[in-house]
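In case you want the letters, here they are:
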Amino acid sequence: KTLLVSMHGKVFIEKSGDGSDKQPSKLSNPPGVRRFEFLLSSFSLPDAHELDPTILIAITYPVIFGMIFGDIGYGLLTAAIGLFLRVKKVGFLKDVGGMMLLSGAWTIIFGYVFGEFFGGEQMLGYHLTPIVHRSGEGIALLFGLTLLVGVIHLGLGFLIGFVANLRAKHYGHAWAKFFWLVVEAAMVAGIYSIVF
């Protein structure tokens with residue numbers, strides 16, 4: 001990078017770096033997705049040639065959060081705190097509020113699936129009937145669903161990393177991601193053949 005500065009009829013030339021410096025990244029996402037950018041920036045920002053995974057985080061984070069907590073009462077509480085932060089605060093806390101609002105909504109949805117309200121099966125005198133039990137016969141289904149979500153999440157990450165590294169001509173990294181994708185597929189096939 002060459003910088004030319006002209007002062008009082010004199011030209012000063014200044015070179016900075018060797019051209020191999022990492023280019024700064026500016027994330028550009030829609031308002032609903034933008035609130036999840038701070039999660040990405042707490043790890044590392046993508047290079048200019050890499051895919052911005054914020055939209056994937058915006059989709060998967062609230063769903064996985066809801067699966068983990070899966071309780072109508074906790075979901076209502078999380079959504080209420082999120083709404084308060086969204087309305088009353090600005091900046092970072094407003095983004096956290098929006099994220100909590102979405103996570104709370106998914107927690108309520110999974111709360112209906114698991115039939116739980118603050119850990120019990122009664123909600124204001126109404127008996128909740130779980131679609132999937134978190135104990136007894138539902139454990140196998142829940143375990144399988146958790147593995148499926150994890151496999152999809154990891155596989156998508158490896159696939160995106162493979163494509164991004166190919167585009168950047170980092171072939172060693174690209175093939176390493178592809179190798180892990182093949183290993184993951186082989187493990188899924190092995191588990192499937194053992195179970196079924």
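Here, residues in each chain are numbered from 1, in the same order as that chain's written sequence. Residues qualify for local features only when their pLDDT is at least 70, as the model is predicted, and side-chain atom pairs are given and counted only at 80 or more; totals for whole chains, interfaces and linings, by contrast, use all residues. The basis for every side-chain value is the complete set of heavy atoms in the structure, and neither hydrogens nor water enter the calculation.

Our focus in this paragraph is the packing of helix H3 (residues 54-69) against helix H5 (residues 92-114). To define axes, lines are fitted to C-alpha atoms, for helices over the stretch in contact only, and angles between the resulting N-to-C directions are given on a 0 to 180 degree scale. Helix numbers and strand numbers start at the N terminus; a helix is a DSSP run of H or I with at least 4 residues, a strand a run of E with at least 2. Where H3 contacts H5, the axes come no closer than 7 Å and their chain directions differ by 45 degrees. By the angle between their directions, the pair H3 and H5 is classed as oblique. H5 is crossed by H3, and the crossing has right-handed handedness. Note on element contacts: H5 touches H3 through Met 99, Leu 102, Ser 103, Trp 106, Thr 107, Phe 110 and Phe 114, opposite Tyr 61, Pro 62, Val 63, Phe 65, Gly 66, Met 67 and Phe 69. Along the lines of polarity and charge, the residues of the contact of H3 with H5 split into eleven nonpolar, three polar and no charged. Here is the rule for angles: anything less than 35 degrees is roughly parallel, anything more than 145 is roughly antiparallel, 65 through 115 is roughly perpendicular, and the remaining ranges are oblique. Throughout, a crossing is termed right-handed when the near helix is turned clockwise from the far one, and left-handed when it is turned anticlockwise from it by less than a right angle. Should any heavy atoms of two residues lie within 4.5 Å, those residues are counted as being in contact. Ten residues, namely Ala, Val, Leu, Ile, Met, Phe, Trp, Tyr, Cys and Pro, are considered nonpolar, four, namely Asp, Glu, Lys and Arg, are considered charged, and the remaining ones, Gly among them, are considered polar.

Further remarks concern the environment of Tyr 74. Along the polypeptide, Tyr 74 turns up in helix H4 (residues 72-88). Burial status follows relative accessibility: with a 1.4 Å probe on protein chains alone, a residue under 20% of its type maximum counts as buried, one over 50% as exposed, and anything between as partly exposed. Relative accessible area serves as the criterion here: at 39%, Tyr 74 is assigned to the partly exposed category.

In this structure, the largest pocket spans a volume of roughly 710 Å³. Around the largest pocket, the lining comprises 23 residues; the ones closest to its centre are Leu 40, Leu 51, Pro 53, Gly 157 and Ile 160. Looking at the lining of the largest pocket residue by residue, the class counts come to 15 nonpolar, six polar and two charged. Considered as a void within the structure, the second largest pocket measures approximately 470 Å³ in volume. A cavity here means a set of points on a 1 Å grid, drawn over the protein atoms and nothing else, where a 1.4 Å probe fits but cannot get out; a pocket is an open set with protein on both sides within 12 Å along at least five of seven lines, and a residue lines either one if it has an atom within 4 Å of a point. Looking at the second largest pocket, it is lined by 18 residues, and the ones nearest its centre are Leu 147, Leu 148, Val 151, Val 188 and Ile 191. Looking at the lining of the second largest pocket, the elements with two or more residues in it are helix H6 (138-167) and helix H7 (171-195). Residue contributions to the lining of the second largest pocket peak at nine residues, all from H6. When the residues that make up the lining of the second largest pocket are grouped by side-chain class, the tally is 15 nonpolar, two polar and one charged. Grid points are joined across faces, edges and corners, and a volume is the space filled by probe spheres set on the points.

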